[in-house]
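For reference, the chains in residue letters:
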Amino acid sequence: MICATAPFQRLLVPTFQTLELINVSEIISVQAYENYSRLQLTQNRHYISTQSFGKFAAMLERHNFFQCHKSYVVNLDYVVRYHKAGEVEMSDKSKIAVARRRKDDFLEVLSQNVLVD
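Residues numbered from 1 in each chain as written. Predicted model: local features only at pLDDT ≥ 70, side-chain atom pairs only at ≥ 80, totals over all residues. Heavy atoms only, no water.

Concerning the confidence of the model for the chain
Fine structural detail should not be taken from predicted coordinates in areas where pLDDT scores are low.
No. 1: Of all residues in the chain, 91% have pLDDT values of 70 or greater, and the mean over the chain is 91.
No. 2: Confidence drops under pLDDT 50 across residues 1-6; counting only partners more than four residues distant or on other chains, this segment forms 14 contacts. (pLDDT = per-residue confidence, 0-100. Contact = heavy atoms within 4.5 Å.)

Looking at the pattern of salt bridges
No. 1: Taken as a whole, this structure holds 2 salt bridges when the rule is applied.
No. 2: The salt bridge partner of Arg45 is Glu26, with a shortest N-O separation of 2.9 Å. Placement of Arg45 in the loop between strand S5 (36-41) and strand S6 (46-49) and of Glu26 in the loop between strand S3 (19-23) and strand S4 (27-33) is noted, with a sequence separation of 19 residues between them.
No. 3: Classification of Arg45 by relative accessible area gives partly exposed; the value is 29%.
No. 4: Since its relative accessible area comes to 24%, Glu26 is described here as partly exposed. (Salt bridge = Lys/Arg side-chain N within 4 Å of Asp/Glu carboxyl O. Helix = DSSP H or I, 4+ residues; strand = E, 2+ residues; numbered from the N terminus. Buried < 20%, exposed > 50% of the residue type's maximum accessible area, 1.4 Å probe, protein only.)

Topic: the packing of aromatic side chains
No. 1: Within this structure, the stated rule accounts for 3 aromatic pairs.
No. 2: Between the aromatic rings of Phe66 and Phe106, the centroid separation amounts to 5.5 Å while the plane-to-plane angle is 55 degrees, which identifies the pairing as tilted. Linking Phe66 in strand S7 (residues 65-69) with Phe106 in helix H2 (residues 103-112), this pair joins segments that are 40 residues apart in sequence. The same class applies to Phe66 and to Phe106, which are both buried.
No. 3: A connected cluster of aromatic rings, assembled from ring pairs, spans Phe66, Tyr82 and Phe106. (Phe/Tyr/Trp six-rings, centres within 6.5 Å; stacked < 30°, edge-to-face > 60°.)

What to know about the environment of Asp92
No. 1: Inspection of the secondary structure assignment puts Asp92 in the loop between strand S10 (87-90) and strand S11 (95-97).
No. 2: Here the alpha-carbon distance between Asp92 and Val80, two residues 12 residues apart in the chain, equals 9.1 Å.
No. 3: Sequence-distant contacts of Asp92, defined by excluding residues within four places in its chain, comprise Ile28 and Gln40.
No. 4: Engagement of the side chain of Asp92 in a polar contact is seen with the side chain of Ser94, the distance being 2.6 Å. (Polar contact = N/O pair within 3.5 Å; in protein donor to acceptor, adjacent residues only side chain to side chain.)

Description of the sheet that holds S4
No. 1: Strand order in the open sheet formed by 5 strands is S6-S5-S4-S8-S7, with antiparallel pairing between adjacent strands. Of all the strands in the sheet, the pair left with one neighbour each is S6 and S7. Strand after strand, the sheet turns through a mean of 20 degrees between neighbouring axes, direction not considered.
No. 2: Note: S5 against S6, 4 bridges, orientation antiparallel. (Pairing = 2+ DSSP bridges. Axes fitted to C-alpha atoms, helices over the stretch in contact; angles between N-to-C directions.)

Section: the sheet that holds S11
No. 1: On the basis of which strands lie adjacent, the open sheet formed by 3 strands has the order S9-S10-S11 and antiparallel pairing. Pairing within the sheet leaves two strands with one partner each, and these edge strands are strand S9 (79-83) and S11. Neighbouring strand axes in the sheet, compared pairwise and without regard to direction, differ in orientation by 25 degrees on average.
No. 2: H2 contacts S9 and S10 of the sheet and is inclined by roughly 140 degrees relative to S9.

Laid out in structure tokens, this is it:
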């Protein structure tokens, strides 16, 4: 569930022992991780959540995130470059595969988020 709190939008993330309040703007990517979800955050932080990947994908879709692969959602604000081999490089130096079927959509959405001459 998304909680609108000024000035941040925060996400309530259930983990094994806690409920974490995380600023959406700090999420770099979300990965399907067995029956759980792994959230990669700024400053080299991460959480394993008991919430399903599908729920995260649906919630984050309206917050400048893109599901580039069946098991990854990326924050477009943290994309550094796209490798023509089919990978996106994030600000934390991680490389995430972009599915062939989603490549064109990904590049279109990415181009809408940058200034182009």
